[in-house]
Amino acid sequence: MWSEGKRVAVTLSFDFDAEALWFETFRMNTPTPLSRGEYGARVGIHRVLSLLDKYGVPATFFIPAWTAEHHTEECKEVARRGHEIAYHSHHHESVVGMRMEIERELMVHSLEVLEKVTGQRPVGNRSVPFDLGRNTPYLLREFGFVYDSSLMGADDPYWLPIDGKDSEIVELPVAWELDDAPFFIFNFFPYMPGLWSPDHVFEIWRQEFDGAYREGGLFLLTMHPEIIGHRARIAMLERLIQYIAQHEGVWWARHIDVALDWKRRQQQAAQAAS
Ligand SMILES: [Zn+2]
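Residues numbered from 1 in each chain as written. Predicted model: local features only at pLDDT ≥ 70, side-chain atom pairs only at ≥ 80, totals over all residues.

1. What to know about the overall build of the protein
Then step 1. Scanning the protein from terminus to terminus reveals eleven helices and nine strands.
Then step 2. Whereas a compact globule of 274 residues would reach a radius of gyration of roughly 19 Å, the protein reaches 18 Å, a difference of no more than 12%.
Then step 3. In terms of its C-alpha atoms, the protein occupies a principal-axis envelope of roughly 60 × 45 × 35 Å.
Then step 4. Across the 274 residues in the protein, those meeting the buried criterion constitute 41%. (Helix = DSSP H or I, 4+ residues; strand = E, 2+ residues; numbered from the N terminus. Rg over C-alpha atoms; globule rule 2.2 N^0.38 Å. Buried ≥ 20, exposed ≤ 12 C-beta atoms within 10 Å, placed from the backbone.)

2. What about helix α5 (residues 100–118)?
Because an α-helix packs 3.6 residues into every turn, residues spaced three or four apart end up facing the same way.
Then step 1. Relative to the 27 Å expected for 19 residues at 1.5 Å per residue, α5 spans 26 Å between its end C-alpha atoms, a close match to the ideal helical length.
Then step 2. Listing the buried residues of α5 in full gives Glu-103, Met-107, Ser-110, Val-113, Leu-114, Val-117 and Thr-118. For α5, the angular spread of the buried residues around the axis is 135°, confining them to a single face. Projecting away from the buried face of α5 at angles above 90 degrees are the exposed residues Glu-101, Glu-105, Val-108, His-109 and Glu-112.
Then step 3. If you follow the buried residues of α5, they end up packed against β2 (59–63), α3 (65–70), α4 (72–80), β3 (84–87) and α6 (136–142).
Then step 4. Phi turns positive, to about 80°, at Gly-119, one or two residues after α5. (Expected span 1.5 Å × (residues − 1). Arc of directions from axis to C-beta. Contact = placed C-beta atoms within 7 Å.)

3. Here's the deal with the pairing of strand β6 (residues 158–162)
Then step 1. Relative to strand β7 (residues 165–171), β6 is paired through four bridges, and the arrangement is antiparallel. Across the sheet, the residue bridging to Ile-162 is Lys-165, located in β7.
Then step 2. Between β6 and β7, which pair antiparallel and follow one another directly, the connecting turn spans two residues, one of which, Asp-163, has a positive phi of 55°. (Pairing = 2+ DSSP bridges.)

4. Comments concerning the environment of Arg-265
Then step 1. Positionally, Arg-265 belongs in helix α11 (residues 255–273).
Then step 2. For the pair Arg-265 and Met-1, spaced 264 residues apart in sequence, the C-alpha to C-alpha distance is 7.5 Å.

5. Observations concerning the pairing of β2
Two faces belong to every sheet, and in a regular strand the side chains alternate between them.
Then step 1. Across the five residues of β2, five count as buried, placing the element largely inside the fold.
Then step 2. Side-chain alternation along β2 places Ala-59, Phe-61 and Ile-63 on one buried face and Thr-60 and Phe-62 on a second face that is also buried.
Then step 3. As judged from the four bridges shared by β2 and β3, these two strands associate in the parallel manner. Residue pairing across strands places Phe-62 opposite Ala-86, the latter belonging to β3.

6. A short note on the environment of Gly-5
Then step 1. Here Gly-5 lies in the segment before β1 (8–15).
Then step 2. Linking Gly-5 and Thr-222, residues 217 residues apart in sequence, is a C-alpha distance of 25 Å.

7. Brief notes about the environment of Glu-238
Then step 1. Along the polypeptide, Glu-238 turns up in helix α10 (residues 231–245).
Then step 2. When the 14 C-beta atoms within 10 Å are taken as the criterion, Glu-238 is described as partly exposed.
Then step 3. Expressed as a C-alpha distance, the spacing of Glu-238 and Ala-273, which sit 35 residues apart in the sequence, is 43 Å.

8. Observations concerning helix α2 (residues 31–55)
Then step 1. Over its 25 residues, α2 extends 35 Å from the first C-alpha to the last, a length consistent with the 36 Å expected when each residue adds 1.5 Å.
Then step 2. Along α2, the largest kink reaches about 45° and is centred on Gly-44.
Then step 3. Taken together, the buried residues of α2 touch β1, α1 (19–25), β2, α4 and α9 (225–228).
Then step 4. A positive phi of about 60° marks Gly-56, the residue just after α2. (Bend = angle between axes of the 7 residues up to and from the residue.)

9. With respect to the packing of α2 against α10
The description of two packed helices rests on the angle between their axes and on the distance between the axes.
Then step 1. Where α2 meets α10, the axes come as close as 11 Å, and the angle between the chain directions of the two elements is 20°. As judged from the angle between their axes, α2 and α10 are roughly parallel. As α2 packs across α10, the resulting crossing turns out to be right-handed. Taken together, the residues of α10 that come into contact with α2 (itself represented by Arg-47, Leu-51 and Tyr-55) are Ile-234, Leu-237, Glu-238, Ile-241 and Ala-245. (Axes fitted to C-alpha atoms, helices over the stretch in contact; angles between N-to-C directions. Parallel < 35°, antiparallel > 145°, perpendicular 65-115°, else oblique. Left-handed = near helix turned anticlockwise from the far one by under 90°.)

10. Focus: unusual backbone geometry
Then step 1. Between Val-128 and Pro-129 the backbone carries a cis peptide bond, its omega angle lying at -25°.
Then step 2. Looking at where Pro-129 falls in the secondary structure, it is placed in the loop between β4 (124–125) and α6.
Then step 3. With omega at -5°, the peptide bond leading from Phe-189 into Pro-190 counts as cis.
Then step 4. Residue position: Pro-190 is located in the loop between α7 (181–184) and α8 (198–215).
Then step 5. Even without being glycine, Phe-130 reaches a positive phi, approximately 60°.
Then step 6. By the element assignment, Phe-130 lies in the loop between β4 and α6.
Then step 7. A tally of 18 C-beta atoms within 10 Å means that Phe-130 is categorised as partly exposed.
Then step 8. At Leu-195, a position not held by glycine, the phi torsion is positive, near 60°.
Then step 9. You can see Leu-195 is positioned in the loop between α7 and α8.

Written out as structure tokens, the structure reads:
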């Protein structure tokens, strides 16, 4: 599935939602929930960046424009270290049911903000919270996006459908079991059980990696600096990186590299067949 010598593509994403996850998605505006988001900018992001540096692992950061505007230095630092900056809404709003003109306006403004702050114009999208809007694929095509990463229709990349047909946009599928949020977010209202043992989550992710390795496919993890950045969890992520790195033929890549490699090989295969 991948270019020569690469048996499995391992690609890590960090959705840098910060406070916006709490005030927008969970509608919680009081100081304590907001501080849980702030933890991502004050503590989590630095632990994540240090860990990635230590192992030379490139990653993709999905950043709402709100985060870029309010945690500007942290977002600049992500880009300075060579990671990919991707699009993740304006202020963590859901686009489900949103009018296309509004979604377009938010996208125009947010792409400008991200480019101004980080120097990178995003070509990857992840809708909030993994819920792609009906109009979003049209906008992704209009704005020249290379890939989306919001759908759950396979384990490995596929073409994002538009009007029931394959588009030229690559879908890098996600899964809730490959996301830190359902395992670790505890909250009373709305109730979220969270608080899983990092060892337990390590075991799930290790087995998922083993499956991807056996098949020679894609291993894509979604994490959040404010969630995975806590002490015991970042230690677990380090253990997982060490485990994966023991294998032959692991390709550590940003999402954009995976999408472009897969796209090139699909197109080569189609040419060879015609
Ligand atoms: Zn998010």
